[in-house]
Structures are given as structure tokens and as C-alpha cells.
Amino acid sequence: MRRGVLNPMTLTAITILLYSLALFLTVATLWPFSHPTQTIFPKKTGPQSVWILIGVGLPFVMLFYFGLAFLIDDTISEGAAWLTAKEDELSFTEGLVTAVTYVGLSGWIWLRWRNPIAPSTRILGPAIIATVIILIIVGVLWDAHHDQMF
């Protein structure tokens, strides 16, 4: 086997792992920012803080972690020695992963703000994260088998 050439399924597994790691790191970074608003300052916190977290904090954190995941994935698939990007813009799969993650995590943040100790939040919160993970896996697998469509 030549250096720099990997099995396509290995590349797919690496891509799924990188995107899942980016999702985990995004949730881990946003968790402390969403928690104090409900527990420390519950009376002072209005919907403005949640909208700022969803509109500013979430995109910034996602840009950092998912951007790094996209660069690492492109570098591995190209077999390059240093971080490189395949294209100047996001591929269809990268855009799909980003959109699904943003919508899912926005719902998760809103749900945590609305009622953080409700039983429905304890069930729906992990369900939202699990759904995002499943959609990321399906999107990457679909792209691996249908990459000529777009």
C-alpha cells in the first residue's frame, strides 16, 4: 500500500470520528455558559442571554471546532503533511453537518434555558444530541457513497 492512500471506509470512519469529536467539544464548551444562567442568576436571566448564546456563542465555538475538524479531515484525505483545505468553500456534507449541528444545539440550549431541571429536559437534551450524532453519521456515510451527485 502506498503512503498517503487510505481505504475509503477508513476515511469515512475518521471523518465520523472527527465530526463527533467536534460536536462533543462544542457541547462541552457551551455547557458551562448555559448552566450559570439558570442556577446562579435565574431571576436576572432573560431570553436575551439565550439568544446571544445561540446567535453569537454557538457559531463562534462551532467555527473553531468544526473548522479544525474539516481541515484535519481534508489533510488526512489528501495525505498532506500540513493542514490543508480541499476547496475554498464547504462541501455539501460539511455544510449539512454544520447546519444540522447548529439547529440541534440551538434547540438543546433553548431547552436547557427554558427549564433545566424538568424531566423532559433530561430526556430530550440527550435525545437531541444523539439525533445530531446519528444525522452526522448518516450524512457522512451518504456522502461517501454518493459523492458524485453534487
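Placed above this text is the structure.
Just so you know, these numbers come straight off a predicted model, no measurement behind them.

(A) Representation of the overall build of the protein chain within the structure. Assigned secondary structure in the protein chain consists of five helices and zero strands. The secondary structure elements of the protein chain, listed N-terminal to C-terminal, are α-α-α-α-α. Across the protein chain, contacts joining residues at least 24 apart in sequence account for 73% of those joining residues at least 6 apart. In the structure as shown, the protein chain presents an accessible area of about 9500 Å², 70% of it carried by carbon and sulfur atoms.

(B) Structural detail: the packing of helix α4 (residues 92-114) against helix α5 (residues 119-145). Running from N to C, α4 and α5 cross one another at 180 degrees; their axes reach a closest spacing of 10 Å. Here α4 lies roughly antiparallel to α5, going by the angle between them. Across from Phe92, Thr93, Leu96, Val97, Val100, Thr101, Gly104, Leu105, Gly107, Trp108, Leu111 and Arg112 in α4, the residues of α5 making contact are Thr121, Leu124, Gly125, Ile128, Ile129, Val132, Leu135, Ile136, Gly139, Val140, Trp142 and Asp143. For the contact of α4 with α5, the residue count by class is 15 nonpolar, seven polar and two charged.

(C) Local environment of the nonpolar core. Counting residues in hydrophobic clusters, the biggest one holds 24 residues, and the most contacted among them are Tyr19, Leu23 and Ile109. Among the elements of the structure, α1 (8-34), α3 (47-78), α4 and α5 are those that each provide at least two residues to this core. No other element matches α3, which puts nine residues into this core. In contact with isoleucine 109, not counting residues within four places along its chain, are Leu30, Val50, Leu53, Ile54 and Leu58.

(D) Structural view of the side chain of threonine 26. Here threonine 26 lies in helix α1. Residue classification places threonine 26 among the buried residues on the basis of a relative accessible area of 0%. With near-sequence residues (within four places) excluded, threonine 26 lies in contact with Leu58, Val61, Met62, Tyr65, Phe66 and Leu105.

(E) Highlighting α4. Along its 23 residues, α4 runs 33 Å from first to last C-alpha, staying within 8% of the 33 Å computed at 1.5 Å per residue. Buried within α4 we find Thr93, Glu94, Val97, Thr101, Gly104, Leu105, Ser106, Trp108, Ile109, Leu111 and Arg112.

(F) Main features of the packing of aromatic side chains. For the structure on display, the rule yields five aromatic pairs. Consider the rings of tyrosine 19 and phenylalanine 70, whose centres lie 5.3 Å apart with planes at 85 degrees: the pair is edge-to-face. Of this pair, tyrosine 19 sits in helix α1 while phenylalanine 70 sits in helix α3, and the two are 51 residues apart along the sequence. This pair shows no difference in class: tyrosine 19 is buried, exactly as phenylalanine 70 is. Seen from their ring centres, phenylalanine 66 and phenylalanine 70 are 6.2 Å apart, and the 50 degrees between their planes marks the pair as tilted. One end of the pair is phenylalanine 66 and the other is phenylalanine 70, both in helix α3 and four residues apart, which spans about a single turn. Overall, the relative accessible area of 8% leaves phenylalanine 70 in the buried class.

Rules and cut-offs
- Residues numbered from 1 in each chain as written.
- Predicted model: local features only at pLDDT ≥ 70, side-chain atom pairs only at ≥ 80, totals over all residues.
- Heavy atoms only, no water.
- Helix = DSSP H or I, 4+ residues; strand = E, 2+ residues; numbered from the N terminus.
- Contact = heavy atoms within 4.5 Å.
- Areas by Shrake-Rupley, 256 points an atom, 1.4 Å probe, with all protein chains shown as cover.
- Axes fitted to C-alpha atoms, helices over the stretch in contact; angles between N-to-C directions.
- Parallel < 35°, antiparallel > 145°, perpendicular 65-115°, else oblique.
- Nonpolar A, V, L, I, M, F, W, Y, C, P; charged D, E, K, R; others polar.
- Core = buried A, V, L, I, M, F, W, Y, C linked by side-chain atoms within 4.5 Å.
- Buried < 20%, exposed > 50% of the residue type's maximum accessible area, 1.4 Å probe, protein only.
- Expected span 1.5 Å × (residues − 1).
- Phe/Tyr/Trp six-rings, centres within 6.5 Å; stacked < 30°, edge-to-face > 60°.

So, to be careful, I would describe these as geometric facts and stop short of saying anything about function.
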